[in-house]
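# Chains, contacts and geometry: an overview
Letter by letter, the chains look like this.
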Amino acid sequence: MSDQTLLSLNNLTLSYGKNTVVDRLNLEIEKGELIALLGPSGCGKTTTMRAIAGLMTPSGGEIVLDGRDVTRVPPNKREVGLMFQSYALFPHLSVFENVAFGLKLKGMRGSDLSARVGEGLSAVGLGDYADRRPADLSGGQQQRVALARSLVMDPKVLLLDEPLSNLDARLRLEMRTELQRVQKANDLTMVFVTHDQSEALSLADRIVVMKDGAIEQLGTPEDIYNRPESAFVADFVGFENIFTVETGKLKGKGEAFTLPEALPAGAKGLAWRPRFVRLGEGAFSGTVIGAAFVGQMREYVLETPLGQIKVDVDASAPAHSLGQQLAFDLRVEDAVILKR
Ligand SMILES: Nc1ncnc2c1ncn2[C@@H]1O[C@H](COP(=O)(O)OP(=O)(O)O)[C@@H](O)[C@H]1O
Ligand SMILES: [Mg+2]
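Here we summarise the structure given alongside this text. (Residues numbered from 1 in each chain as written. Chains lettered and ligands numbered in written order. Predicted model: local features only at pLDDT ≥ 70, side-chain atom pairs only at ≥ 80, totals over all residues. Heavy atoms only, no water.)

### Side note on the environment of S94
With respect to the element layout, S94 can be found in the loop between β6 (80-84) and α2 (95-105). S94 sits in the buried class, given a relative accessible area of 13%. Setting aside residues up to four positions removed in sequence, S94 forms contacts with A130, D131, R132 and R133. (Helix = DSSP H or I, 4+ residues; strand = E, 2+ residues; numbered from the N terminus. Buried < 20%, exposed > 50% of the residue type's maximum accessible area, 1.4 Å probe, protein only. Contact = heavy atoms within 4.5 Å.)

Here's what the structure looks like:
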């Protein structure tokens, strides 16, 4: 455990009845870090958040927050804030009263209360909106009120479970930037759950990719995007051409094949993003069954004995049409080597 560690999950095991959904998870989060839990639906992200918040008791392992074992501490004694996708504000209360709600429950009153609520609203850029009702705010502003409501409680860790998934695409981008700004400006420690890789990549200091209740890979956005270690992570971050090594050959969805070059020692698989495949040269060939112009790129799908191959080329390259037979190359030097 480093000096900076604020939250440790040690062999955390979480079950619903006999069904274990998170199995001996180990994770250390530093103060001021924004960690994204990324993974498909059902992999255990919400369950992990509920356990950190104290809404469920682990069946094994421990949760240590700021040096204190909180595994069996009730939620209201944990100093953990939680913001879910449905952040329900009280419609009949003003923005001020919504943000003040939790503080009042803790007994705060008068000028202390006004000052703290004011700070919270300024932190999210809503200093002038204290008297409004939620119905008179945009969706993004309502979300910022919910964020202020969590912030004023001064949690040691703020947990956000898919907070942006109810918003339309434009607002989601705006809130992404806003969240990052608030997080860095206030040196907050946040755990952010998402199933959206671009959200995780753009927001997080480190990403935890989860699969079936376990950590599949932990790393910086660059690590996860550029150096996936398994076929699962490669697929999740947009590698379309993924092959596993089976008795010295590569195998995808079609026939197993060998490359002209030797495979790197210890490789469990090789993966190429569509733009890593070389088109118009090489030992392989396929028939164009998909061709799309998408602005900067042309996207092709080739039907080949190896399975379907996706290739992106620069839009300035000459166009090919459906039914055309094209050579292509999969070079080891262009591939990402999967270690697991
Ligand atoms: N209250 C519950 N009772 C029983 N099983 C549950 C409950 N909540 C979630 N699960 C199961 O636990 C697994 C993980 O769920 P969850 O943590 O919600 O996943 P995620 O948030 O990653 O989509 C899933 O298989 C889900 O069906
Ligand atoms: Mg969930």
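### Digging into the site of ligand 1
Around ligand 1 lies a shell formed by Y16, V21, P40, S41, G42, C43, G44, K45, T46 and T47. Within the backbone of G42, a nitrogen or oxygen atom sits 2.6 Å from an oxygen atom of ligand 1. When ligand 1 sits alone it has 560 Å² of accessible area, and the protein chains cover 56% of it. Element by element, the count of residues in the shell around ligand 1 is highest for helix α1 (residues 45-53), at 3 residues. For the shell around ligand 1, the class distribution of residues is 4 nonpolar, 5 polar and 1 charged. (Near = heavy atom within 4 Å. Polar contact = N/O pair within 3.5 Å; in protein donor to acceptor, adjacent residues only side chain to side chain. Areas by Shrake-Rupley, 256 points an atom, 1.4 Å probe, with all protein chains shown as cover. Nonpolar A, V, L, I, M, F, W, Y, C, P; charged D, E, K, R; others polar.)

### Description of the sheet that holds strand β12 (residues 249-251)
One open sheet accounts for 4 strands, arranged β12-β11-β13-β18; its pairing is antiparallel. If you trace the sheet from one side to the other, it starts and ends with β12 and β18 (336-338), each paired once. Averaged over all pairs of adjacent strands, the angle between strand axes in this sheet comes to 30°, irrespective of strand direction. When strand β13 (residues 269-272) meets β18, the two strands line up antiparallel, connected through 3 bridges. Following the sheet pairing, A271 is matched in β18 by V336. (Pairing = 2+ DSSP bridges. Axes fitted to C-alpha atoms, helices over the stretch in contact; angles between N-to-C directions.)

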